[in-house]
Amino acid sequence: MKQERGNWGSNLGFLLAAVGSAVGLGNVWGFPYKMGKSGGFTFLVIYLVLAVFVGFIIMMGELSMGRKTGKGTVGAYHALSKKFRWVGWLAVFSPFVIMSFYTVLGAYCMEYLTLNLGDLAFSGAEVMTGADLFGSMLTNPFGAWIFTVLFILICFFINRNGVSGGIEKFNKIGMPALFVMLVIIIIRSLTLPGAEEGLKFMFKPGYAVSAGFIDEKPGFLTVLATAGGQMFFSLSLAMGAMITYGSYVSKKENLVTNAGIIVIADTLIAILAGLAVIPAAVATYGPSAALSGPKLLFITLQDVFAAMGKIGPLFGVIFYLLVLIAAISSAISLIEVITTYFMDRAEVKGKQGNRSHIVLGVCLAILVEASIVALDGLGANGLWVPLQNQFGIIGEINDCWLDFMDFLSEGLAMPLGALLMSIMVGWEIKPKTLLDELHIGSNARIDTFFSICMKVIVPIGMALILLGQIDGFLHLGIF
Ligand code: PFF
């Protein structure tokens, strides 16, 4: 049966695809700006602790659930649990919702890439400031929509070619290229005068507060929730991606080592992205740049490139291409979660699913929801306003469609999914069920660590993260 679904061509191919899924906008954008907002070094330490005790555990859990059952998300939960079988649906719902805005953010990167390419080709053309560029982009909904269509089209062609023929091939070229480009940007960033301030902000304990980057220390629980939410999103957990990718891994491979490599690679790239972005932003704009929030990628950094003079657009092209590759490699894993569900469903009915048709249907459905987000232009074009009053508090606190979709998926469905998964594994089906799978191809002595984390540490951590996410998104001020 496994043969019909297809497999990864090699373990390296699987690893690059999984790292590709994990490395995305979350690393290049979310990590540096959340680190900026949450006090620099403290955030980094909490992030690392969570990555080991929660991220690594759930990564092993998801990969083994996929490989054990040989099924995508819905099928895997169905096969393993009675009480939690519906959780699989949550993990198909979230990727679908995330794609509504992930594609639009990818489209913005394409737009910035094109604009910087234009500046590079016609040197002498006046480089627009980040704020002007961003403003004019948001209020040109048609442009954003066209780039969104293009982004989805690229994903369509990759996913249509299958797990090893499309996803694996793209990542085998895309991931090494991304790494090289990241190193180039880091060298430029660290050699700008004043870059050391950014480095101290990232790595010197307490510096963020003492040097006036932030006025007061954020509360421990706030940092915990921000770091936890970020870690989850960044590692592509609780969205079916790792269950789905795990279902295509051969029984020979060592899932424990693989899970460790994915977590380490993703965390390393998040830190490297921090090195590429924070020192450059701080060198050009001083401490406030580290705190510029979501604007960081599209306004602050474009300004950094503009301030470099004639060579700026070249770095702009390299940087936005890098982010675009990261966005595509993550988006295709989200599309694969939904595609695999339909392929598995066909198999259950005794049919052979037609991948091209399924991927086309999935991409068209994503295009519909993404069009709303693209045309809304982060609220600049007012598409959210008519709904605002109908959603009570959720309507009031979300300013635009992107916020709302992010709240539904990253804010609610993801932490809830992970919480339920850890309760299911820890208390219903018991850790041993997955440990048996993990021990195929690995004799690592992880049993006690895995069981304790899955039963106690992960559920408590996830409950706190869920509360923190709701608190943060709804501005309730509990934490
Ligand atoms: N990990 C991706 C990022 O850091 O941008 C986002 C993501 C991709 C989340 C795939 C979840 C997922 F299943």
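Further up the page is the structure itself.
Residues numbered from 1 in each chain as written. Predicted model: local features only at pLDDT ≥ 70, side-chain atom pairs only at ≥ 80, totals over all residues. Heavy atoms only, no water.

Draft legend 1. Spotlight on the environment of Y77. You can see Y77 is positioned in helix α5 (residues 73-80). Relative accessible area serves as the criterion here: at 4%, Y77 is assigned to the buried category. Separated by 78 residues in sequence, Y77 and C155 place their C-alpha atoms 27 Å apart. In this view, Y77 contacts M65, F84, R85, V87, G88, I243, G417, M421 and M424; residues no more than four positions away in its chain are not counted. (Helix = DSSP H or I, 4+ residues; strand = E, 2+ residues; numbered from the N terminus. Buried < 20%, exposed > 50% of the residue type's maximum accessible area, 1.4 Å probe, protein only. Contact = heavy atoms within 4.5 Å.)

Draft legend 2. Structural detail: the site of the ligand. Residues in close proximity to the ligand total 15 residues, the closest being A22, G26, Y102, F233 and M239. Between the ligand and G26, the relevant distance is 2.7 Å, taken from an oxygen atom to a main-chain nitrogen or oxygen of the residue. When the ligand sits alone it has 340 Å² of accessible area, and the protein chains cover 100% of it. The set of elements that each furnish at least two residues to the shell around the ligand consists of α2 (11-22), α3 (25-37), α12 (220-234) and α16 (312-348). In terms of residue class, the shell around the ligand is made up of seven nonpolar, eight polar and no charged. (Near = heavy atom within 4 Å. Polar contact = N/O pair within 3.5 Å; in protein donor to acceptor, adjacent residues only side chain to side chain. Areas by Shrake-Rupley, 256 points an atom, 1.4 Å probe, with all protein chains shown as cover. Nonpolar A, V, L, I, M, F, W, Y, C, P; charged D, E, K, R; others polar.)

Draft legend 3. Representation of the pattern of salt bridges within the structure. If you walk through the whole model with that rule in mind, you get eight salt bridges. A salt bridge links K71 to E347; the shortest N-O distance between them is 3.9 Å. Here E347 lies in helix α16 and K71 lies in the loop between α4 (41-69) and α5, a separation of 276 residues in the sequence. Like K71, the residue E347 is buried in the burial classification. A salt bridge links K200 to E197, with the nearest nitrogen and oxygen atoms 3.7 Å apart. One end of the pair is K200 and the other is E197, both in helix α10 (residues 195-203) and three residues apart, which spans about a single turn. According to the relative accessible area criterion, K200 is partly exposed, its value standing at 33%. A relative accessible area of 28% places E197 in the partly exposed class. (Salt bridge = Lys/Arg side-chain N within 4 Å of Asp/Glu carboxyl O.)

Draft legend 4. Highlighting the packing of helix α15 (residues 295-307) against α16. Running from amino to carboxyl end, α15 crosses α16 at an angle of 150°, the nearest separation of the two axes being 8 Å. With respect to their mutual orientation, α15 and α16 come out roughly antiparallel. Within the contact between the two elements, α15 uses L297, F298, L301, Q302 and F305 and α16 uses G312, F315, G316, F319, Y320 and V323. A per-class count over the contact of α15 with α16 returns eight nonpolar, three polar and no charged. (Axes fitted to C-alpha atoms, helices over the stretch in contact; angles between N-to-C directions. Parallel < 35°, antiparallel > 145°, perpendicular 65-115°, else oblique.)

Draft legend 5. How the structure looks around the nonpolar core. F232 and F319 are the most contacted members of the largest nonpolar core, which has 171 residues in total. For this core, the element with the highest residue contribution is α16, accounting for 20 residues. Filtering out sequence-adjacent residues up to four positions away, F232 remains in contact with V54, I58, L237, A238, M414, A418 and M462. (Core = buried A, V, L, I, M, F, W, Y, C linked by side-chain atoms within 4.5 Å.)

Draft legend 6. Spatial organisation of unusual backbone geometry. Phi at A238 is positive, roughly 60°, even though this residue is not glycine. For A238, the position within the fold is in the loop between α12 and α13 (241-246). On the basis of relative accessible area, A238 is assigned to the buried category, the value being 8%. The residue K430 is not glycine, and still its phi comes out positive at about 75°. Within the fold, K430 resides in the loop between α20 (401-428) and α21 (431-438).

That is the geometry; function is a separate question.
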